[in-house]
Amino acid sequence: MRRRGKTALIVVACVLAVAVAIGGIAAKYHHDQEQWMRSIVYSKEADKIYRDIFKYDDPSAFTEKGKIRTYQIDDKSIRHNPMGGINLTLYVNRRNDLCVYVTLNKNGSSGPLGDSVGGYSKGYSDLIGAKS
């Protein structure tokens with residue numbers, strides 16, 4: 001009976017060690033994935049895409065005449081899109097009610113970064129739709 005108890009204890013310890021190792025590997029993978037997405041979202045290539053989106057909506061964006069002066073990435077909104085790509089939210093003019101929802105994606109592993117705009121907040125639509 002004693003030998004059986006020792007064997008069971010060894011088996012349980014091995015199973016726990018494997019579970020901890022798998023959990024650590026999964027956590028490391030998740031952390032690496034988040035860092036990779038952040039590196040893309042904050043890249044110069046992505047910055048150009050964001051600016052092009054805003055210049056399309058407001059040709060005078062980022063100038064004294066423009067309605068859009070600044071944008072900011074919502075770090076908490078950066079998520080992997082199940083259909084591929086990275087979803088994120090951009091705030092305009094440091095206001096949480098002026099939002100643009102964007103999905104960044106790549107065509108192949110070495111292709112250029114592309115985007116699709118998933119929508120706008122009502123405040124943003126009002127801002128760009130307003131006649132000056």
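Provided above is the structure to which this section pertains.
Residues numbered from 1 in each chain as written. Predicted model: local features only at pLDDT ≥ 70, side-chain atom pairs only at ≥ 80, totals over all residues. Heavy atoms only, no water.

1. Quick word on the packing of aromatic side chains
Each aromatic ring pair is characterised by the separation of its centres together with the angle its planes make. In this structure the tally under the stated criterion is six aromatic pairs. Geometrically, the ring pair formed by Tyr50 and Tyr71 is edge-to-face, given 5.5 Å between the ring centres and 70° between the ring planes. Highlighted residues: Tyr50 in helix α2 (residues 44–57) and Tyr71 in strand β1 (residues 71–73), separated in sequence by 21 residues. According to the relative accessible area criterion, Tyr50 is buried, its value standing at 1%. The side chain of Arg51 reaches across the aromatic face of Phe62, ending 4.4 Å from its centre. (Phe/Tyr/Trp six-rings, centres within 6.5 Å; stacked < 30°, edge-to-face > 60°. Helix = DSSP H or I, 4+ residues; strand = E, 2+ residues; numbered from the N terminus. Buried < 20%, exposed > 50% of the residue type's maximum accessible area, 1.4 Å probe, protein only. Lys NZ or Arg CZ within 6 Å of the ring centre and 35° of its normal.)

2. Things to note about unusual backbone geometry
Even without a glycine there, the phi angle at Asn93 is positive, about 55°. Among the structural elements, Asn93 can be located in the loop between β3 (86–92) and β4 (95–106). Unlike most non-glycine residues, Arg94 shows phi in positive territory, near 60°. Mapped onto the fold, Arg94 is located in the loop between β3 and β4. Of the residues examined, Arg94 reaches a relative accessible area of 67% and is grouped as exposed.

3. Let's talk about the nonpolar core
In a soluble, globular protein the nonpolar side chains are often hidden away together inside. Core analysis: the biggest nonpolar cluster contains 23 residues, and Tyr50, Phe54, Leu88, Leu90 and Leu104 have the highest contact counts within it. Looking at this core, the element that brings in the most residues is α2, giving five residues. (Core = buried A, V, L, I, M, F, W, Y, C linked by side-chain atoms within 4.5 Å.)

4. Considering the pattern of salt bridges
Taken as a whole, this structure holds five salt bridges when the rule is applied. Linking Asp47 and Arg51 is a salt bridge whose minimum nitrogen-to-oxygen distance equals 3.3 Å. A residue pair is termed a helical-turn pair when its members lie 3 or 4 positions apart in one helix, as Asp47 and Arg51 do in helix α2 at four residues. By relative accessible area, which is 26% here, Asp47 ends up partly exposed. Classification of Arg51 as partly exposed rests on a relative accessible area of 34%. Between Asp126 and Lys122 there is a salt bridge, and its shortest N-O distance comes to 3.0 Å. You can see Asp126 and its partner Lys122 sitting in helix α3 (residues 122–129), four residues apart, about one turn around the helix. (Salt bridge = Lys/Arg side-chain N within 4 Å of Asp/Glu carboxyl O.)

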